[in-house]
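Coordinate inspection notes
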Amino acid sequence: MGQKLAGGSSPLDRLSGLVKWYRFEKLLNPLRDGGPGRAAWPPLLLFKALLLQSLYGLSDRELEEALGDRLSFRRFVGLGLEESIPDHTVLSRFRNLLGGEGLMEKLFGELDRQLEKAGVILKRGTMLDATLIDAVSAPPTAERPSKDADARGVRRGKGDFTFGYKAHVGVDEGSGLIRTVITTPANVNDTLMADELVRGDEKAVWADAAYDTHARRARLKAEGRKPRIARRPNKHHPELPPRLKRYNRLIARRRAAVETTFATLKNRMKLTTIRYVGLVKAAAQVTMAAIAFNMRRWAAITG
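This is a predicted model, so every value here is computed, not measured.

1. Some points on the overall build of the chain
Scanning the chain for helices and strands turns up twelve helices and seven strands. For the chain, whose C-alpha radius of gyration is 21 Å, the value lies close to the compact-globule estimate of 19 Å for 303 residues. Its C-alpha atoms give the chain principal-axis dimensions of roughly 70 × 55 × 35 Å. Nonlocal contacts in the chain, meaning residues at least 24 apart in sequence, comprise 63% of its contacts between residues at least 6 apart.

So this is what it looks like as structure tokens:
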């Protein structure tokens, strides 16, 4: 089980060799919790299991089943053929511990340090964007409240209504790696999170017109970063001049790469629904997905 399969290296095998897992283990070791009457599972094993869950878009029960019958999953987390597997309640409890102890951000930061040391973060620019994610709970009605008190509804255009959360991300231009991620209720305006998504070491900030403010452009210039933010009309200038329209088209072409990030998260990793109730658990799911995405991207860049 400890050896690679004959005939080549799988993506999970490549990932196992890239990441310095002992650094994550140092952060995770205080979380040993086996539950009443049970021996504690190694926290690193459970963390790797949650990474698999995010990579393949699995529920807790589906993850438990996959750990039971997929050799690549067992090898990745470090389970032998005859060893028992953590059940879905153990996995759920461990995820809640990560979110409750505020460790998700530290784990994300640790991976970012490893990516930077490996030289795969380019820092040419940060592309800002946000995407809506449905809550698992139904929205409130006149007769009953929603089971998820933190989720909110937002309407975009005719018939386009989302009840849930919003993932705000800052993506490294060129590498496509996620450098910052913030989860909020769905009704939080994109521009409110923008300044927190900027890392400070990039040469430019790319964003669509939803992020355009005079103060933000001036501040980025003063800090030595190029504000590549699409312009939007206002009450004094309801129609953009042709020069700014061309500028916006150029911005749109350059920042279109961020859509690949969302396509991977939603289509390949199935981050289309927040599976758990409450903002803390929603943020934990989104941040774990960002960690898994960056590991996948790292393996692809170096593969």
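2. Focus: the packing of aromatic side chains
In the structure shown here, the tally under the stated rule is four aromatic pairs. Where W21 meets F76, the ring centres are 5.8 Å apart and the plane angle is 85°; that geometry is what we call edge-to-face. With W21 in helix α2 (residues 21-28) and F76 in helix α5 (residues 71-77), the pair connects residues that are 55 residues apart, well separated along the chain. By relative accessible area, which is 9% here, W21 ends up buried. According to the relative accessible area criterion, F76 is buried, its value standing at 2%. Measuring from ring centre to ring centre gives 5.2 Å for Y56 and F73, while their planes differ by 45°; the resulting arrangement is tilted. Of this pair, Y56 sits in helix α3 (residues 43-56) while F73 sits in helix α5, and the two are 17 residues apart along the sequence. Each member of the aromatic cluster is reached from another via a ring pair, and the members are W21, F24, F47 and F76.

3. Some thoughts on the nonpolar core
Core analysis: the largest hydrophobic core is formed by 70 residues, its most contacted members being W21, F24, L28, F47, L98, I178 and M295. Setting aside residues up to four positions removed in sequence, W21 forms contacts with L15, S16, L44, F47, K48, L51, F76 and M295. Grouped together as the second largest cluster of nonpolar side chains are 13 residues, I182, M193, L197 and L220 included.

4. Describing the packing of α2 against α3
Running from amino to carboxyl end, α2 crosses α3 at an angle of 110°, the nearest separation of the two axes being 9 Å. Here α2 is positioned roughly perpendicular relative to α3, judged by the angle of their axes. The chirality of how α2 crosses α3 is right-handed. For the pair α2 and α3, contact is made by W21, F24, E25 and L28 and by P43, L44, F47, K48 and L51, respectively. Looking at side-chain class alone, the contact of α2 with α3 contains seven nonpolar, no polar and two charged residues.

5. Description of the pairing of strand β6 (residues 226-229)
By the alternation rule, side chains of β6 split into P227 and I229, which are all buried, and K226 and R228, of which none is buried. Each parallel crossover has a hand, and for strand β5 (residues 204-207) linked through helix α9 (residues 214-222) to β6 it is right-handed.

6. Brief notes about the pattern of salt bridges
On inspection of all chains with the given rule, the structure shows 18 salt bridges. For K123, the salt bridge is made with D201, and the minimal N-O distance between the two is 3.6 Å. Here K123, found in the loop between α7 (103-118) and β1 (126-135), pairs with D201, found in the loop between α8 (190-197) and β5; they are 78 residues apart in sequence, far enough to count as distant. Given the relative accessible area of 21%, K123 is considered partly exposed. Measuring nitrogen to oxygen at the nearest pair gives 2.9 Å for the salt bridge that ties D195 to R216. Taken together, the residues span a long stretch of sequence, with D195 in helix α8 and R216 in helix α9 at a distance of 21 residues. Overlapping salt bridges bring together D112, E116, K123, R179, R199 and D201 as one network.

7. Section: α8
Along α8, the residues that are buried comprise D190, T191, M193, A194 and L197. Down the axis of α8, the sector holding all buried residues measures 155°, keeping them to one side. Turned more than 90 degrees away from the buried face of α8, the exposed residues are L192 and E196. Residue N189 occupies the N-cap position of α8, its side-chain oxygen lying 3.0 Å from the main-chain nitrogen of T191.

Definitions and limits used
- Residues numbered from 1 in each chain as written.
- Predicted model: local features only at pLDDT ≥ 70, side-chain atom pairs only at ≥ 80, totals over all residues.
- Heavy atoms only, no water.
- Helix = DSSP H or I, 4+ residues; strand = E, 2+ residues; numbered from the N terminus.
- Rg over C-alpha atoms; globule rule 2.2 N^0.38 Å.
- Contact = heavy atoms within 4.5 Å.
- Phe/Tyr/Trp six-rings, centres within 6.5 Å; stacked < 30°, edge-to-face > 60°.
- Buried < 20%, exposed > 50% of the residue type's maximum accessible area, 1.4 Å probe, protein only.
- Core = buried A, V, L, I, M, F, W, Y, C linked by side-chain atoms within 4.5 Å.
- Axes fitted to C-alpha atoms, helices over the stretch in contact; angles between N-to-C directions.
- Parallel < 35°, antiparallel > 145°, perpendicular 65-115°, else oblique.
- Left-handed = near helix turned anticlockwise from the far one by under 90°.
- Nonpolar A, V, L, I, M, F, W, Y, C, P; charged D, E, K, R; others polar.
- Right-handed = clockwise from strand over helix to strand, strands pointing away.
- Salt bridge = Lys/Arg side-chain N within 4 Å of Asp/Glu carboxyl O.
- Arc of directions from axis to C-beta.
- Polar contact = N/O pair within 3.5 Å; in protein donor to acceptor, adjacent residues only side chain to side chain.

Coordinates in, geometry out; function isn't part of it.
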